[in-house]
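Summary of structural features
Spelled out, the chains give:
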Amino acid sequence: MTPVMTYCSFCGKDTADGDHAFCRQRLSVIDPPRYCSQCARRMVVQVTPDGWAARCSRHGEITSGR
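Residues numbered from 1 in each chain as written. Predicted model: local features only at pLDDT ≥ 70, side-chain atom pairs only at ≥ 80, totals over all residues. Heavy atoms only, no water.

- Labelled according to an unreviewed UniProt entry, the chain appears under the name Biotin synthase auxiliary protein, originating from Lentzea flava.
- According to its UniProt record, the chain has this under Cofactor (unreviewed entry): "iron-sulfur cluster".
- Under the Sequence similarities (unreviewed entry) heading, UniProt states for the chain: "Belongs to the BsaP family." (UniProt positions renumbered as here; feature names shortened; annotations may be inferred.)

1. Looking at the pattern of salt bridges
- Summed over all chains, the structure comprises 1 salt bridge.
- Across the salt bridge formed by Asp19 and Arg24, the nearest N and O atoms sit 4.0 Å from each other.
- Owing to a relative accessible area of 52%, Arg24 belongs among the exposed residues under this scheme. (Salt bridge = Lys/Arg side-chain N within 4 Å of Asp/Glu carboxyl O. Buried < 20%, exposed > 50% of the residue type's maximum accessible area, 1.4 Å probe, protein only.)

2. What about the sheet that holds strand β3 (residues 60-63)?
- Read across the open sheet, the 3 strands follow the order β1-β2-β3; overall the sheet is antiparallel. Two strands in the sheet have a free side with no partner beyond their single neighbour: β1 (44-48) and β3. Shown here is a sheet whose adjacent strand axes are inclined to one another by a mean of 15°, direction ignored.
- Sheet topology note: the β1/strand β2 (residues 51-56) ladder contains 5 bridges and is antiparallel. The partner of Gln46 across the bridge, within β2, is Ala53. (Pairing = 2+ DSSP bridges. Helix = DSSP H or I, 4+ residues; strand = E, 2+ residues; numbered from the N terminus. Axes fitted to C-alpha atoms, helices over the stretch in contact; angles between N-to-C directions.)

3. Some points on the nonpolar core
- Judged by nonpolar contacts, Cys36, Cys39, Met43, Trp52, Ala54 and Cys56 together constitute the single largest core of 6 residues.
- Excluding residues within four positions of it along the chain, Cys56 makes contact with Cys36, Cys39, Arg41 and Met43. (Core = buried A, V, L, I, M, F, W, Y, C linked by side-chain atoms within 4.5 Å. Contact = heavy atoms within 4.5 Å.)

4. Overview of the pairing of β2
- Here β2 lies mainly inside the structure; 5 of its 6 residues are buried.
- Where β1 hands over to β2, the hairpin turn is made up of 2 residues, counted between the paired strands.
- As defined by bridge partners, β2 adjoins β3 across 4 bridges and the pair is classed as antiparallel. Counterpart to Arg55 in the pairing with β3 is Glu61.
- Hairpin connection between β2 and β3: a loop of 3 residues separates the two successive antiparallel strands.

Below, the structure is given as structure tokens:
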């Protein structure tokens, strides 16, 4: 069985590769995700005064929920 890889939503690298504490901090404070956590594709991000929306061409859209 092939192991499932997950990717950092801020830098796009494999989450098992290195420490992503800085990335988690940036995502929790202000920055929207830039990479899909399922496939590491760069996402289209739109930031508005109310929050943000990020769309992966394969896995759909996520929003800040504000």
